[in-house]
Amino acid sequence: MFDQPALFLLVLLGIALWAKNKSLLIAVVFLLVIKWVGLGDRVFPTFQKKGIEWGVTIITIAVLVPIATGDIGFKQLGEALKSSYAWIALGSGIAVALIAANGIQLLAEDPHITTALVFGTILAVSLFNGIAVGPLIGAGIAYMVMKVANYIS
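Keep in mind that what you see is a predicted model, and the values were worked out from it rather than measured.

Quick look at the overall build of the protein chain
Alright, step 1. Scanning the protein chain from N- to C-terminus turns up seven helices and zero strands.
Alright, step 2. Starting at the N terminus and walking to the C terminus, you meet the elements of the protein chain as α-α-α-α-α-α-α.
Alright, step 3. For the protein chain, the C-alpha radius of gyration of 19 Å lies well beyond 15 Å, the compact-globule estimate for 153 residues.
Alright, step 4. When each of the 153 residues of the protein chain is scored for burial, the buried share is 20%.
Alright, step 5. Once local pairs closer than 6 in sequence are excluded, the contacts in the protein chain between residues at least 24 apart make up 55%.

The following block contains the structure:
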């Protein structure tokens with residue numbers, strides 16, 4: 001019951017409680033319950049394989065809700081594009097999406113990088129109130145830096 005993964009999750013639970021980070025708290029409790037009821041061997045591989053895709057889908061749904069409710073429409077889009085900040089946001093959205101696309105490839109190909117990125121995300125979420133989209137964006141940034149380093153050397 002208290003093997004190394006469970007102990008690690010319990011440490012993360014303590015960090016989540018200390019940092020008052022609800023997202024990390026819910027994630028750790030969810031994983032511990034799955035593990036302790038004996039479903040981990042069947043459920044964890046699916047979460048590991050499809051979880052990022054599901055998470056991105058849920059985030060996309062949340063972002064699109066104002067369109068579905070009518071709070072954002074063509075009129076608001078037209079007005080927003082008159083702002084220089086909107087153009088900065090548009091460019092940032094494009095850049096982040098392209099960076100993250102490379103991150104998915106890196107996460108799939110290199111488990112050692114994944115471990116470091118996940119740990120970095122845990123630290124950012126628990127200690128600095130970050131949001132757990134870090135591994136995907138972090139992997140994309142790491143991918144870009146690695147490509148630059150390979151090009152230079």
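Looking at the nonpolar core
Alright, step 1. If you look at the biggest cluster of nonpolar residues, it comprises 10 residues: Ala 6, Leu 9, Leu 12, Leu 13, Ala 16, Leu 24, Val 28, Leu 32, Ile 122 and Val 125.
Alright, step 2. By residue number, the principal contributor to this core is helix H1 (residues 4–19), which donates five residues.
Alright, step 3. Leu 107, Leu 117, Ala 139 and Ala 142 belong to the second-largest nonpolar core, a separate cluster that totals six residues.

Quick word on the pattern of salt bridges
Alright, step 1. By the definition in use, this model includes one salt bridge.
Alright, step 2. The partner of Asp 3 in a salt bridge is Lys 35, and the shortest N-O contact between them spans 3.2 Å. Taken as a pair, Asp 3 in the segment before H1 and Lys 35 in helix H2 (residues 22–36) lie far apart in primary sequence, 32 residues in all.

What to know about the confidence of the model for the protein chain
Alright, step 1. Averaged over all residues, the pLDDT of the protein chain equals 84, while 95% of them reach at least 70.
Alright, step 2. The spread of mean pLDDT over the elements of the protein chain runs between helix H6 (residues 111–128), the lowest at 77, and H2, the highest at 91.

A closer look at helix H5 (residues 84–109)
Alright, step 1. Its 26 residues give H5 an end-to-end C-alpha distance of 38 Å, which sits within 8% of 38 Å, the value for a rise of 1.5 Å per residue.
Alright, step 2. Every buried residue of H5 is accounted for by Ala 86, Ile 99, Ala 100, Gly 103, Leu 106 and Leu 107.
Alright, step 3. Sitting at the head of H5, Ser 83 places a side-chain oxygen 3.1 Å from the backbone nitrogen of Tyr 85.

A short note on the environment of Val 56
Alright, step 1. Considering the arrangement of structural elements, one finds Val 56 in helix H3 (residues 40–69).
Alright, step 2. For Val 56, a relative accessible area of 37% corresponds to the partly exposed category.

Rules behind the numbers
- Residues numbered from 1 in each chain as written.
- Predicted model: local features only at pLDDT ≥ 70, side-chain atom pairs only at ≥ 80, totals over all residues.
- Heavy atoms only, no water.
- Helix = DSSP H or I, 4+ residues; strand = E, 2+ residues; numbered from the N terminus.
- Rg over C-alpha atoms; globule rule 2.2 N^0.38 Å.
- Buried < 20%, exposed > 50% of the residue type's maximum accessible area, 1.4 Å probe, protein only.
- Contact = heavy atoms within 4.5 Å.
- Core = buried A, V, L, I, M, F, W, Y, C linked by side-chain atoms within 4.5 Å.
- Salt bridge = Lys/Arg side-chain N within 4 Å of Asp/Glu carboxyl O.
- pLDDT = per-residue confidence, 0-100.
- Expected span 1.5 Å × (residues − 1).
- Polar contact = N/O pair within 3.5 Å; in protein donor to acceptor, adjacent residues only side chain to side chain.

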